[in-house]
Amino acid sequence: MKKNDFKLSFTDNTVFTGIDAEGFYAEALLTGKSKEAFKLIPNVKSKIKLGELSIGDILNDADCSFSSQGEGTLSQKAFEVAPIKINLEYCQRTFEVNYLSLLLRPGSNSDEIVPPTVENFLLDQVAKKVSADTEQLVWKGNTATASYPLSLIDGLEKQLLADATVIDVSATASITVGNVIDELTKVYNAIPQEIMGADDLTIFLSPVALRAYRQALAAASSEAYFMQNYPELHFLDVRLSEAPGITANKMVAARTSNILLLTDLMSDFDDIQILPQKSVTGVPVVRMIGEFKFGVGYIFGSEIVFYN
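Residues numbered from 1 in each chain as written. Predicted model: local features only at pLDDT ≥ 70, side-chain atom pairs only at ≥ 80, totals over all residues. Heavy atoms only, no water.

Draft legend 1. Structural view of the environment of Thr94. Inspection of the secondary structure puts Thr94 in helix α2 (residues 92–96). The partly exposed category is assigned to Thr94, whose relative accessible area is 23%. The sequence separation of Thr94 and Val285 amounts to 191 residues, and the corresponding C-alpha distance is 9.6 Å. (Helix = DSSP H or I, 4+ residues; strand = E, 2+ residues; numbered from the N terminus. Buried < 20%, exposed > 50% of the residue type's maximum accessible area, 1.4 Å probe, protein only.)

Following this line, the structure appears as structure tokens:
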């Protein structure tokens, strides 16, 4: 199995001309909302098989004999996680020659490579970057592409498209305020009756589609226009969930317990180690490393509606 990397490069575009204003600014990153809603399958080192049990026809005419009709069918579905690593390296010289040198401890032989405030900022940004990139992987991952980060795993969109048991609904070219109600109705009508009413039944849609739905609600009701801070949105009796990583004109309806997040240890997502190298190898660099297992999947394709 190949080793996968999150490639995070660092380029210094600053010019040091004296004391600059303190503080750092980072562009807003997508959050990892989707994977937080899925059913967690931990302790997966590489591959795992999960059992599926379908009960058969168990009702019989009552008589004085025993009939074992309807025991059902037991089967398995295989899942696999990809090992992913984070390897970052920052050189002391990078911080000595720009305005961040003012934050470094005095002395050329200090073990401090990165100023503490910068180190904390970098750790925070790495966590946000991992969250944003894995959100993209959840939906649009495709190992057949060379695009970062999508090449690391196969996401749900690719898996659902290849599954003949999934309920497909033809999508419009783009979801707008004018058509979002009609398009959601198509998804709603395609949901199997067997799961309609399930507590965790959810329609996942993009921020663009969810924004269009909010505006459609506001246009239909003055009350909705002035009361937009709903903690949770619904379409009729089905919960709507924003999925930042899903393609803008796609939607997925499913029970969240049917969609799986597979990993080894959940805390691995947040476990970044900082390894100063100066006192170990003599090289004035600090390394930030992390590793985790990651994969997504589902059990019952026949219970999922894919608006594509």
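Draft legend 2. Representation of the side chain of Asn179 in the model. Within the secondary structure, Asn179 sits in the loop between β6 (167–169) and α5 (180–190). Owing to a relative accessible area of 16%, Asn179 belongs among the buried residues under this scheme. For Asn179, the residues in contact, after removing those within four places along its chain, are Thr172 and Ser174. (Contact = heavy atoms within 4.5 Å.)

Draft legend 3. Fine view of the packing of aromatic side chains. Counted by the stated rule, this structure contains 6 aromatic pairs. With centroids separated by 5.6 Å and ring planes inclined at 55 degrees, the aromatic side chains of Trp139 and Phe204 adopt a geometry described as tilted. Here Trp139 is found in helix α3 (residues 116–140), whereas its partner Phe204 is found in strand β7 (residues 201–205), with 65 residues between them in sequence. Accessibility expressed as a relative area gives 0% for Phe204, which makes it buried. (Phe/Tyr/Trp six-rings, centres within 6.5 Å; stacked < 30°, edge-to-face > 60°.)

Draft legend 4. Representation of the sheet that holds β7 within the structure. A sheet is described by the order of its strands in space; here 6 strands give the open sequence β6-β14-β10-β7-β9-β8, paired in mixed fashion. What marks the edges here is a single partner per strand, and that holds for β6 and β8 (233–235). Across this sheet, the average inter-strand angle for adjacent strands is 30 degrees, counted without regard to direction. Pairing of strand β10 (residues 251–255) with strand β14 (residues 305–307), which is carried by 3 bridges, proceeds in the antiparallel orientation. Bridge pairing in β14 places Ala253 opposite Val305. Strand contacts of helix α6 (residues 207–220): β7, β8 and β9 (238–242), with the helix running at about 80 degrees to β8, the strand carrying the most contacts. (Pairing = 2+ DSSP bridges. Axes fitted to C-alpha atoms, helices over the stretch in contact; angles between N-to-C directions.)

Draft legend 5. Region of the structure containing the nonpolar core. Core analysis: the largest hydrophobic core is formed by 36 residues, its most contacted members being Phe38, Tyr90, Val114, Trp139, Leu156, Val252 and Phe294. Among the elements of the structure, β5 (82–91), α3, α4 (156–162), β10, β11 (259–262) and β13 (285–298) are those that each provide at least two residues to this core. Tallying contributions element by element places α3 first for this core, with 7 residues. Listed in part, the 26 residues of the second largest apolar core include Tyr188, Leu201, Ala209 and Val238. (Core = buried A, V, L, I, M, F, W, Y, C linked by side-chain atoms within 4.5 Å.)

Draft legend 6. Focus on a nonpolar patch on the surface. A cluster of nonpolar side chains, Ile55, Ile58 and Leu59, forms an exposed patch at the surface whose accessible area comes to about 360 Å². In this fold, Ile58 is placed in the loop between β3 (47–54) and β4 (73–80). (Patch = residues over 30% accessible without salt bridge, like charges linked within 9 Å, V, L, I, M, F, W, Y side chains within 5 Å. Areas by Shrake-Rupley, 256 points an atom, 1.4 Å probe, with all protein chains shown as cover. Salt bridge = Lys/Arg side-chain N within 4 Å of Asp/Glu carboxyl O.)

Draft legend 7. Up close: the packing of α5 against α6. Between α5 and α6, the shortest axis-to-axis distance is 9 Å and the interhelical angle comes to 115 degrees. Viewed along their axes, α5 and α6 adopt a mutual orientation that is roughly perpendicular. Here Val180, Ile181 and Leu184 of α5 lie close against α6, whose contacting residues are Ala209, Ala212, Tyr213 and Ala216. (Parallel < 35°, antiparallel > 145°, perpendicular 65-115°, else oblique.)

Draft legend 8. How the structure looks around the pattern of salt bridges. If you walk through the whole model with that rule in mind, you get 8 salt bridges. A salt bridge links Lys45 to Asp264; the nearest nitrogen and oxygen atoms lie 2.8 Å apart. On the criterion of sequence distance, the pair formed by Lys45 in the loop between β2 (39–41) and β3 and Asp264 in the loop between β11 and β12 (273–276) is long-range, its members being 219 residues apart. For Lys45, a relative accessible area of 58% corresponds to the exposed category. Where Glu89 meets Arg287, a salt bridge forms, and the shortest distance between an N and an O atom there is 2.6 Å. A residue pair is termed long-range when its members are at least 10 positions apart, and Glu89 in strand β5 and Arg287 in strand β13 qualify at 198 residues. Residue classification places Glu89 among the partly exposed residues on the basis of a relative accessible area of 46%.

Draft legend 9. Region of the structure containing the pairing of β13. Counting buried positions along β13 gives 11 out of 14 residues, so the element sits mostly inside the fold. In this sheet, β13 lies alongside β5 in antiparallel orientation, the contact comprising 10 bridges. Paired with Pro83 across the strands is Lys293, a residue of β13. Strand direction decides the pairing type here: β11 and β13, joined by 4 bridges, are antiparallel. Across the sheet, the residue bridging to Ile259 is Tyr298, located in β13. Of the pairings in the sheet, the one linking β12 to β13 comprises 4 bridges and is antiparallel in character. Bridged to Leu275 within β13 is Arg287.

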